[in-house]
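A structural walkthrough
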Amino acid sequence: MIEVKEIRKSFGEHEVLKGIDASFYKGKTNLIIGQSGSGKTVFLKSLVGLHEIDSGEIEYDGTALGGLNRKDRKSLRTEMGMVFQGNALFDSLTIEENVTFALSMFSEMSAAEKKDRADFCLERVNLPGVNQKFPSELSGGMQKRVAIARAISMNPNYLFCDEPNSGLDPKTAIVIDQLLQEITQEFEMTTVINTHDMNSVIEIGDHIIFIKDGKKAWQGTGEEILSTDNTEIVDFVYSSELFKKIRRKL
Amino acid sequence: MQNYSYFRDMFFSKWIESLGKYMVLLGRTFRRPENGKMYYKAFLSDLDLLGINSLGIVAVISLFVGAVVTIQTAFNLDDPLIPDYYIAIATRESIVLEFSPTIISLILAGKVGSNIASTLGSMRVSEQIDALEVMGVNPASYLIAPKIAALAFFNPILIIISMALGLVGGYLASIGGVMSAEDYIYGLTVDFNAYHITYALIKTFVFAFLIVSISAYFGFYVRGGAIEVGINATKAVVSSSVAIIVSNYMLTQVLLV
Ligand SMILES: Nc1ncnc2c1ncn2[C@@H]1O[C@H](COP(=O)(O)OP(=O)(O)OP(=O)(O)O)[C@@H](O)[C@H]1O
Ligand SMILES: [Mg+2]
């Protein structure tokens, strides 16, 4: 479980996160939704410590991130997996080397064991047989899936995904969503996912935080979001004709 | 007048801030590797990419400059009272003391420095450095330390090769009509002071460190996109060249005077 207390983050004069409280639960797919530019990426990067927050606190299963020394912070990070919005694959390494990078760095696995692990992870994201290719040789959606395979290679306790299914076709997007939910439940991970895909929200939204104007404007589940009367969330979710129709039917 | 002092203060505070950031980066670079084998692998690939890859250009430049230095020295010492082998002595000293360690390092600052800055810069803007960080890897150490080690190890070798080829270039020029081969070879051995080689290698070692660390600094802290990566690669080359020239003066003061 990750607990976030009153975090604030500014870039110069521009305050992006204006005091956000949130809890992310173990074994659940926790979603962060909000408009483009609302601060989802900044929030996720603050959670893992890539942005130093201005104030507030972030606790990983009771341990405050801010209070950790360098060594403990590093060891906490080996329990994290992260999928960046732009994938951030190591472009000079092959797909297999990308997926097994953390294993090479932190485990004593043999080459054969690592290859098995890479095959396993790549199969889970539906991407077998690309081990020896380089990231630039794959399509955008394939790169995204490699990024997910890399993030789960170490069986992380905490998994962070910044828009894991943007750029994917609806069918693959659902496969990825289901995969994320499955491994979250199977390995009891605390998973935090940024998304603005309403399909994901409804399919795998165990716990949802809605960010607006740098604040948490709503929280609830994927079912609750369809029936809530909160005007801000209604305005956000039912911006498309399709969902307006669905709402009328509900 | 007020404006002037404002800009001066801005300039110095910026400069001091950069220096501080550079020192912090160095501090982060020299930390214990997470995994010796991975760092060694990175070292080998940097050795190849940044070191061995420079052999060709260094060889060509050294041969030609050695020849030119010999011809120019002969031209300047064209006096019946000065024996021909003095030309070889002068050539040897300019190559060993200055041309090989300093000029070749300046050329490498251009070649290797822009490579390092743009590689790290692209990794920064594409968030690969963040990805390392989240994995629990120290990106400064993993990306920079092997490069420093590779150049600090290989540049002295490269400079020895450059000296040798510079002298070969001189030899070729002399038998091309400047003087006799015997005189040239005899001249190379006269009054030879091995300390000059030591001095040159110490300089090379320091320059190698400056090239990598300064270029890495400019790459590591890029913000923005492709344009900024380009701008910082240029800054890396300019700054490391200036650092080489200034430290060359200081080292020479300390080591030769
Ligand atoms: N490094 C930075 N420096 C300055 N401002 C930043 C930085 N990163 C983000 N911002 C600003 O913070 C705000 C939130 O950006 P963020 O990337 O978190 O949005 P987002 O919710 O992830 O949007 P999207 O859905 O489009 O990815 C934006 O206004 C952006 O300009
Ligand atoms: Mg984003």
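Keep in mind that what you see is a predicted model, and the values were worked out from it rather than measured.

1. Observations concerning the domain arrangement of chain A
Residue and element names in this part refer to chain A. The domains assigned to chain A are domain 1 (2-79 + 158-249) and domain 2 (91-155). Computed over C-alpha atoms only, the centres of domain 1 and domain 2 are separated by 25 Å. Contact with domain 1, which involves 18 residues of that partner, is made by 12 residues of domain 2. When the two sides are added together, the surface that domain 1 and domain 2 hide from each other amounts to roughly 1200 Å², 70% of it contributed by carbon and sulfur. Taken together, the connections running from domain 1 to domain 2 amount to 2 salt bridges. Between Arg124 and Glu186 there is a salt bridge; the shortest N-O distance is 3.6 Å. At the junction of domain 1 with domain 2, the criterion picks out 2 residue pairs in polar contact (both at pLDDT 80 or more).

2. Examining the sheet that holds strand S4 (residues 55-60) of chain A
Residues and elements named next belong to chain A. In space, the 4 strands of this open sheet follow the order S2-S1-S4-S5, with antiparallel pairing throughout. At either end of the open sheet lies a strand with only one pairing partner, and these are strand S2 (14-24) and strand S5 (63-64). Across 8 bridges, strand S1 (residues 2-11) lies against S2 in antiparallel orientation. When the bridges of S2 are listed, Glu3 appears paired with Ser23.

3. Examining the site of ligand 1
All names here are of chain A. Within the structure, ligand 1 sits among 14 residues, and Ser36, Gly37, Lys40, Thr41 and Gln85 are positioned closest to it. A distance of 2.6 Å is found between an oxygen atom of ligand 1 and a side-chain nitrogen or oxygen belonging to Thr41. Contact with the protein chains hides 65% of the accessible area of ligand 1, taken as 640 Å² for the molecule alone. For the shell around ligand 1, the secondary-structure elements that each account for two or more residues are S2 and helix H1 (40-48). Looking at the shell around ligand 1 residue by residue, the classes come out as 3 nonpolar, 9 polar and 2 charged.

Calculation rules
Residues numbered from 1 in each chain as written. Chains lettered and ligands numbered in written order. Predicted model: local features only at pLDDT ≥ 70, side-chain atom pairs only at ≥ 80, totals over all residues. Heavy atoms only, no water. Domains from an automatic or database assignment. Contact = heavy atoms within 4.5 Å. Buried area = accessible area lost by both parts, 1.4 Å probe. Salt bridge = Lys/Arg side-chain N within 4 Å of Asp/Glu carboxyl O. Polar contact = N/O pair within 3.5 Å; in protein donor to acceptor, adjacent residues only side chain to side chain. Pairing = 2+ DSSP bridges. Helix = DSSP H or I, 4+ residues; strand = E, 2+ residues; numbered from the N terminus. Near = heavy atom within 4 Å. Areas by Shrake-Rupley, 256 points an atom, 1.4 Å probe, with all protein chains shown as cover. Nonpolar A, V, L, I, M, F, W, Y, C, P; charged D, E, K, R; others polar.

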